[in-house]
Amino acid sequence: MKNFFNDLEHTFIIAEAGSNWKSGSYDEDIEQAHELIKIAACSGADAIKFQTYRPDTVYVENAGKSDYLSKYNIQENINDIFKYLSMPYEMIPELSKFCKQENILFMSTPFSVNDAKQIDPFVQIHKVASFELNHVRLIEFLAQTKKPIILSTGASTYDEIDFALKIINNFHNDVSLLQCTSKYPSPLEALNLDTIPKMKSKYGISIGFSDHSMDPVVGPTLAIGLGAKIIEKHFTLDKNLQGPDHKFALNPTELNQMVNSIRHAEKAKGNNEKKVFKEEEELQKFAKRSLQATKKIMKGEILKEGYNFDVLRPGNKLRGMEPRFLLSVNGKKSTKNIEIGDGILDFE
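Residues numbered from 1 in each chain as written. Predicted model: local features only at pLDDT ≥ 70, side-chain atom pairs only at ≥ 80, totals over all residues. Heavy atoms only, no water.

**Student:** In this structure, what is going on with the packing of aromatic side chains? I would like to understand it.
**Tutor:** In this description, a pair of aromatic rings is defined by centroid distance and the angle of the planes. Enumeration according to the criterion identifies six aromatic pairs in this entry. Their ring planes at 35° and their centres at 6.1 Å tell us that F50 and F106 sit as a pair that is tilted. A residue pair is termed long-range when its members are at least 10 positions apart, and F50 in strand 2 (residues 47-52) and F106 in strand 3 (residues 105-110) qualify at 56 residues. With relative accessibility at 0%, the residue F50 sits in the buried group. The structure contains a cluster of three or more aromatic residues connected by ring pairs, namely Y53, Y59, F82 and F111. Seen from the ring of Y158, K202 lies directly overhead, with NZ or CZ sitting 5.3 Å from the centre. Its guanidinium or amino end placed over the ring of F277, K275 lies 5.2 Å from that ring's centre, counting from NZ or CZ. (Phe/Tyr/Trp six-rings, centres within 6.5 Å; stacked < 30°, edge-to-face > 60°. Helix = DSSP H or I, 4+ residues; strand = E, 2+ residues; numbered from the N terminus. Buried < 20%, exposed > 50% of the residue type's maximum accessible area, 1.4 Å probe, protein only. Lys NZ or Arg CZ within 6 Å of the ring centre and 35° of its normal.)

Here's what the structure looks like:
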């Protein structure tokens, strides 16, 4: 199985379509899903992710209304919303096929074991939603597929993460975690991105970021700087469409902006090696201080700091020794004639 998340120079970007494929009739839904796939592929994202669930295996009967949806003027019972937005299983192979045509990875988040069975033949990576992190049977099933698993960790504690990882590690260890704040949209001050290096140190696995903020740049680029190797973010064709996931999602222009920002951030991040880059070499030689003659120095003359040489920037003159050798040079004899401005290189 391909290792998707340990390429040091590439961040794995998941364009989250969620339920934003829903438009009306089956044919309208397919058309909108295809449009989302094309937009995600054109943006440069690595994968597009949908969601697969059935209302009767998610919430209890008559679960009521969510306060978070009310601000979007969505007043239906959550059971009815999930019923309306549940993707027909027969759409899965069709969307997977279209993703292959568009050269983008197909993903879908399952919410039950049966959902997982339906999508498993069509995905290379499994994704567990934040509120399914404690779904024991689902995680057991996904772990047994031996495919890479991404766990979102919104509204979760380390104890809960430990429990899920223990189940997965009983079968295999190809797993990644996403820092996530389960608020839609999430304010920037609630993103808590400092958990990324903490989780990376604690678990020794790839860590990413599932971003529910409305800003297309701040969260993803900062997350990369902190070590994230996966970025997931919702997108839509139009923020004004009807449905719970459109308002806080990125529009196509913002999705392009996010992907471009991530790719630029990857280049800027570099690695942890501290060296002189070729882009710095000209100015390093021209402007970094070295031991330079301030007078013409004759062979055999005593080298005296502040009298006939000093620590100066050489410009285009012959560059001398590094200033860290100052004490070794001061008071010694020059073994050659040195023109004014040239560097001190030979002494005894």
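**Student:** Please clarify how the environment of I168 should be interpreted in this entry.
**Tutor:** Locating I168 in the fold gives a position in helix 7 (residues 158-169). Judged by relative accessible area, I168 falls into the buried class, the value being 0%. Apart from residues no more than four positions distant in its own chain, I168 is found in contact with I139, A143, I149, L151 and V175. (Contact = heavy atoms within 4.5 Å.)

**Student:** Would you take a moment to explain helix 1 (residues 26-43) for this structure?
**Tutor:** Given 3.6 residues per turn, any residue in an α-helix points the same way as the ones three and four places further on. Helix length check: helix 1 (18 residues) gives 26 Å between terminal C-alpha atoms against 26 Å at 1.5 Å per residue, within 8%. Listed as buried for helix 1 are D29, I30, Q32, A33, H34, L36, I37, I39, A40 and S43. Here the buried face of helix 1 lies against strand 1 (12-18), strand 2, helix 4 (91-101) and helix 10 (252-269). Remark: G44 follows helix 1 within two positions and exhibits a positive phi of approximately 100°. (Expected span 1.5 Å × (residues − 1).)

**Student:** Is there a simple way to explain unusual backbone geometry in this structure?
**Tutor:** The amide bond that connects Y184 to the next residue, P185, takes the cis arrangement and shows omega of -5°. Within the secondary structure, P185 is located in the loop between strand 6 (175-180) and helix 8 (195-203). Phi angles above zero are rare outside glycine, and K146 is one such case at about 65°. Mapped onto the fold, K146 is located in the loop between helix 6 (136-144) and strand 5 (149-152). Residue K146 is classed as partly exposed on the basis of its relative accessible area of 49%. Although it is not a glycine, N192 sits at a positive phi angle of roughly 55°.

**Student:** Sorry, what's going on with the environment of H34 here?
**Tutor:** Along the chain, H34 falls in helix 1. With 157 residues separating them along the chain, H34 and L191 place their C-alpha atoms 31 Å apart. Every residue in contact with H34, bar those within four places of it in the chain, is listed here: E94, L95 and F98.

**Student:** Could you clarify how one ought to interpret the pairing of strand 3 in this entry?
**Tutor:** Each regular strand shows side chains that alternate between the opposite faces of the sheet. Among the six residues in strand 3, six count as buried, and that is most of the element. Judged by which residues are buried, strand 3 turns out to be covered on both faces: L105, M107 and T109 on one side and F106, S108 and P110 on the other are all buried.

**Student:** Quick question: what am I supposed to make of the sheet that holds strand 4 (residues 126-128) here?
**Tutor:** Backbone hydrogen bonds hold the strands of a sheet together, and the pairing may be parallel or antiparallel. The eight strands lie next to each other as 3-2-1-8-7-6-5-4, forming an open sheet whose pairing is parallel. Edge positions in the sheet fall to strand 3 and strand 4, since each has one partner strand and no second. Sheet twist, expressed as the mean angle between neighbouring strand axes with direction ignored, is 25°. Of the pairings in the sheet, the one linking strand 5 to strand 6 comprises four bridges and is parallel in character. Bridge assignment links L151 to a residue of strand 6, and that residue is L177. The sheet contacts of helix 1 involve strand 1 and strand 2, and relative to strand 2 the element is tilted by about 150°. Taken strand by strand, helix 4 contacts strand 2 and strand 3, and its axis lies near 150° from that of strand 3. (Pairing = 2+ DSSP bridges. Axes fitted to C-alpha atoms, helices over the stretch in contact; angles between N-to-C directions.)

**Student:** Is there a simple way to think about the packing of helix 1 against helix 10 in this case?
**Tutor:** When two helices pack together, their arrangement is given by the angle between the helix axes and the distance between those axes. Remark: helix 1 packs on helix 10, axes separated minimally by 9 Å, with the N-to-C direction vectors making an angle of 30°. As the angle between them shows, helix 1 and helix 10 are arranged roughly parallel. The way helix 1 lies across helix 10 gives a crossing that is right-handed. Of the residues in helix 10, those in contact with I39, A40, C42 and S43 of helix 1 are P252, L255, N256 and V259. Of the residues contributing to the contact of helix 1 with helix 10, the split by class is six nonpolar, two polar and no charged. (Parallel < 35°, antiparallel > 145°, perpendicular 65-115°, else oblique. Left-handed = near helix turned anticlockwise from the far one by under 90°. Nonpolar A, V, L, I, M, F, W, Y, C, P; charged D, E, K, R; others polar.)

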